[in-house]
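Below are the chains, spelled out letter by letter.
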Amino acid sequence: VQLVESGGGLVQPGGSLRLSCAASGFTFSSYAMRWYRRAPGKERELVSIITSIGGGTNYADSVKGRFTISRDNGKNTVYLQMNSLKPEDTAVYYCSARISARDYWGQGTQVTVSS
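Summarised in this report is the structure supplied together with it. (Residues numbered from 1 in each chain as written. Predicted model: local features only at pLDDT ≥ 70, side-chain atom pairs only at ≥ 80, totals over all residues. Heavy atoms only, no water.)

Remarks on the side chain of Arg 66
For the record, the criterion: Runs of E in the DSSP output that reach at least two residues are strands. Runs of H or I that reach at least four are helices, and both are numbered from the N terminus. Note on contacts: a residue pair qualifies if any of its non-hydrogen atoms lie within 4.5 Å across the two residues.
Within the secondary structure, Arg 66 sits in the loop between β6 (57–59) and β7 (67–72). Excluding its chain neighbours within four sequence positions, the residues that come into contact with Arg 66 are Gln 81, Met 82, Asn 83, Ser 84, Leu 85, Lys 86 and Asp 89.

Laid out in structure tokens, this is it:
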């Protein structure tokens, strides 16, 4: 199993970024995918989840209305569109898949929101 995040960077408050997570080594379309983040000095937070079938989604209250998770099963990729970014969104963002009761993680991508 391999998960590779990309798309992070430095953005001003109010700006947007789109994160991508390319998956391989498992049947991507069969599993829900999650985005987490860890801010400096804080616990890891579940940001969003998208189901395998039907694309049902859920979001943390802190990002609801600003972030959108989506997936392209043909490309084995999950996305996180982040709009109206705030300084408190600064964190390392990770995608994750739970397969046979084990959690797999990417290496993470840094998002910094600052003027």
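Regarding the state of the cysteines
One covalent bond between the sulfur atoms of two cysteine residues makes up a disulfide. Applicable threshold: Disulfides are defined as pairs of cysteine sulfur atoms found within 2.5 Å of each other. Burial classes follow relative accessibility: with a 1.4 Å probe on protein chains only, a residue under 20% of its type's maximum area counts as buried, one over 50% as exposed, and anything between as partly exposed.
Applying the stated criterion to the full structure yields 1 disulfide. Two residues, Cys 21 and Cys 95, share a disulfide whose sulfurs are 1.9 Å apart. An S-S torsion of about 50° defines the bridge between Cys 21 and Cys 95 as right-handed. Taken as a pair, Cys 21 in strand β3 (residues 17–24) and Cys 95 in strand β9 (residues 91–99) lie far apart in primary sequence, 74 residues in all. Assessed through its relative accessible area of 0%, Cys 21 is described here as buried. Taking the relative accessible area as the measure of exposure, Cys 95 reaches 0% and is therefore buried.

Overview of the pattern of salt bridges
The test is simple: Every case where a carboxyl oxygen of Asp or Glu lies within 4 Å of a side-chain nitrogen of Lys or Arg is listed as a salt bridge.
By the definition in use, this model includes 5 salt bridges. Of the charged contacts, one joins Arg 37 and Asp 89 as a salt bridge, the two residues approaching to 2.9 Å between their closest N and O atoms. On the criterion of sequence distance, the pair formed by Arg 37 in strand β4 (residues 33–38) and Asp 89 in the loop between β8 (77–82) and β9 is long-range, its members being 52 residues apart. As far as the burial class goes, Arg 37 and Asp 89 line up, both buried. Shared partners join several salt bridges into a network, and the residues in it are Arg 37, Glu 45, Arg 66 and Asp 89.

Here we look at the packing of aromatic side chains
Which entries qualify depends on this criterion: Here is the rule: rings of Phe, Tyr and Trp (six-membered ring for Trp) pair when centre to centre is within 6.5 Å. Planes less than 30 degrees apart are stacked, more than 60 are edge-to-face, and the remainder are tilted.
Per the stated rule, a full pass over the model turns up 4 aromatic pairs. Plain terms: the ring middles of Phe 26 and Tyr 31 are 5.8 Å apart, the flat faces sit at 70° to each other, and that makes the pair edge-to-face. Classification of Tyr 31 as partly exposed rests on a relative accessible area of 25%. Aromatic side chains Tyr 94 and Trp 105 sit 6.5 Å apart centroid to centroid with 90° between the ring planes, which places their arrangement in the edge-to-face category. A residue pair is termed long-range when its members are at least 10 positions apart, and Tyr 94 in strand β9 and Trp 105 in strand β10 (residues 102–105) qualify at 11 residues. Aromatic rings pair up to connect Phe 26, Phe 28 and Tyr 31 into one cluster.

Some details on the sheet that holds β8
Here is the rule: At least two DSSP bridges between two strands are required for those strands to pair. Lines are fitted to the C-alpha atoms to define the axes, a helix being fitted only along its stretch in contact, and any angle between axes, read from their N-to-C directions, falls within 0 to 180 degrees.
In spatial order, the strands read β1-β3-β8-β7; together these 4 strands make up an open sheet with antiparallel pairing. The sheet terminates laterally at β1 (2–6) and β7, the two strands that pair on one side only. Across the sheet, the mean angle from the axis of one strand to that of its neighbour is 15°, orientation sign disregarded. Where β7 meets β8, 6 bridges bridge the pair, whose relative direction is antiparallel. From the neighbouring strand, Ile 69 faces β8, where its bridge partner is Leu 80.

Keep in mind these values describe shape, not function.
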